[in-house]
Amino acid sequence: MLATRALSLVGKRAISTSICVRGGHGVAKVDDYALPAYFDRRENPLPDVQFVTELSAVQKSLKEKEKGSWATLSNEEKIALYRISFKQSFAEMNEGTKEWKSVIAGMFFFIGMTGLVVLWQRKFVYGPVPPTFESEWKEKEVQRMLDMRINPVEGFSAKWDYENKEWKK
Amino acid sequence: MSLAKPAMRGLLGKRLRFHLPIAFALSVVAAAAFKYGVTEPRKQAYADFYKQYDATKEFNNMREAGIFESVRPTGK
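About the cut-offs
- Residues numbered from 1 in each chain as written.
- Chains lettered and ligands numbered in written order.
- Predicted model: local features only at pLDDT ≥ 70, side-chain atom pairs only at ≥ 80, totals over all residues.
- Heavy atoms only, no water.
- UniProt positions renumbered as here; feature names shortened; annotations may be inferred.
- Helix = DSSP H or I, 4+ residues; strand = E, 2+ residues; numbered from the N terminus.
- Patch = residues over 30% accessible without salt bridge, like charges linked within 9 Å, V, L, I, M, F, W, Y side chains within 5 Å.
- Areas by Shrake-Rupley, 256 points an atom, 1.4 Å probe, with all protein chains shown as cover.
- Salt bridge = Lys/Arg side-chain N within 4 Å of Asp/Glu carboxyl O.
- Buried < 20%, exposed > 50% of the residue type's maximum accessible area, 1.4 Å probe, protein only.
- Contact = heavy atoms within 4.5 Å.
- Buried area = accessible area lost by both parts, 1.4 Å probe.
- Polar contact = N/O pair within 3.5 Å; in protein donor to acceptor, adjacent residues only side chain to side chain.
- Nonpolar A, V, L, I, M, F, W, Y, C, P; charged D, E, K, R; others polar.

As annotated in an unreviewed UniProt entry, chain B is Cytochrome c oxidase subunit 6C from Salvelinus namaycush. Within the UniProt record for chain B, the comment given under Pathway (unreviewed entry) is "Energy metabolism; oxidative phosphorylation." What UniProt records for chain B under Sequence similarities (unreviewed entry) is the sentence "Belongs to the cytochrome c oxidase subunit 6c family."

As recorded in an unreviewed UniProt entry, chain A goes by the name Cytochrome c oxidase subunit 4, listed as coming from Salvelinus namaycush. The annotation that UniProt attaches to chain A under Function (unreviewed entry) is "Component of the cytochrome c oxidase, the last enzyme in the mitochondrial electron transport chain which drives oxidative phosphorylation." Looking at chain A in UniProt, the text filed under Pathway (unreviewed entry) is "Energy metabolism; oxidative phosphorylation."

Structure follows, in structure tokens:
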């Protein structure tokens, strides 16, 4: 219905590889990439041209038959007409690739490389940590926090048993 | 070849009629779970803590531990 009308409009390329005159200066060759192209895209369901440009004799006769009543077309002929106009069906063009495996592999590789770089940095670049990380300092810090009753309801000091001077079980 | 014609209209409406009640129900469940899993126990914990709270005793304990600068521990 709509498809045949659109196809008959752009079925034959208006300018294939012929040349066009430009303002008396001479002729400019029209390159292939400047002409309407066929491509399979989900968002562009009806491309500008049909896929098969040079029809064989069988296909030409089929196109003639298409101009008549479509009820006379068999299923194979309908599929053949489809394949003249389109390269891949929607199911074919939308199917996934196995690219995700390469992507995951690349991710792991680069994460691993980054890990090696981080290890090297820890060993050769960074200086020592501040004294506040030593055990004695940390013990005094915890004792002071308990003395100050930090978060006595649900948090830090709530877990300390002040009677028995130990952590609650 | 004779496939049924696919649904062409009402797709958004169908999706909303399916998903919105579920989304609403899940949101209510999430809110109820947070209320009765987090906020109510927290309110109860605070109530219990302050029921037995002796401010003066706690102050004196903290003073003896030596964390204040305005009051020194008793005895030197």
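Next comes the rest of the write-up.
Thoughts on the UniProt feature "transmembrane region" (unreviewed entry) in chain A
According to UniProt, the feature "transmembrane region" (unreviewed entry) maps to residues 103-121 of chain A in the numbering used here. For residues 103-121 of chain A, helix accounts for 100% and strand for 0%, while the C-alpha atoms at its two ends are 27 Å apart.

Regarding a nonpolar patch on the surface
Residue and element names in this part refer to chain A. A cluster of nonpolar side chains, contributed by Trp-100, Val-103, Ile-104, Met-107, Phe-108 and Ile-111, occupies part of the molecular surface with about 640 Å² of accessible area. Tracing the backbone through its elements, the reader meets Trp-100 in helix H5 (residues 99-124). Among the residues examined, Trp-100 registers a relative accessible area of 54% and is labelled exposed.

Remarks on unusual backbone geometry
Residue and element names in this part refer to chain A. Phi at Arg-149 takes a positive value of approximately 60 degrees, unusual for a residue other than glycine. Looking at the secondary structure, you find Arg-149 in the loop between helix H6 (135-147) and strand E3 (160-161). Residue Arg-149 is classed as buried on the basis of its relative accessible area of 13%.

Quick word on the interface of chain B and chain A
Between chain B and chain A, the contact holds eleven residues from the first and ten residues from the second. Buried surface at the junction of chain B and chain A, summed over both partners, amounts to about 960 Å²; 64% is from carbon and sulfur atoms. Linking Arg42(B) and Glu154(A) is a salt bridge whose minimum nitrogen-to-oxygen distance equals 3.1 Å. Our enumeration of links across chain B and chain A arrives at two residue pairs in polar contact (both at pLDDT 80 or more). Among the elements that make up the side of chain B that touches chain A, the one with the highest residue count is helix H1 (residues 11-51) of chain B (five residues). For the side of chain B that touches chain A, the class distribution of residues is eight nonpolar, one polar and two charged.

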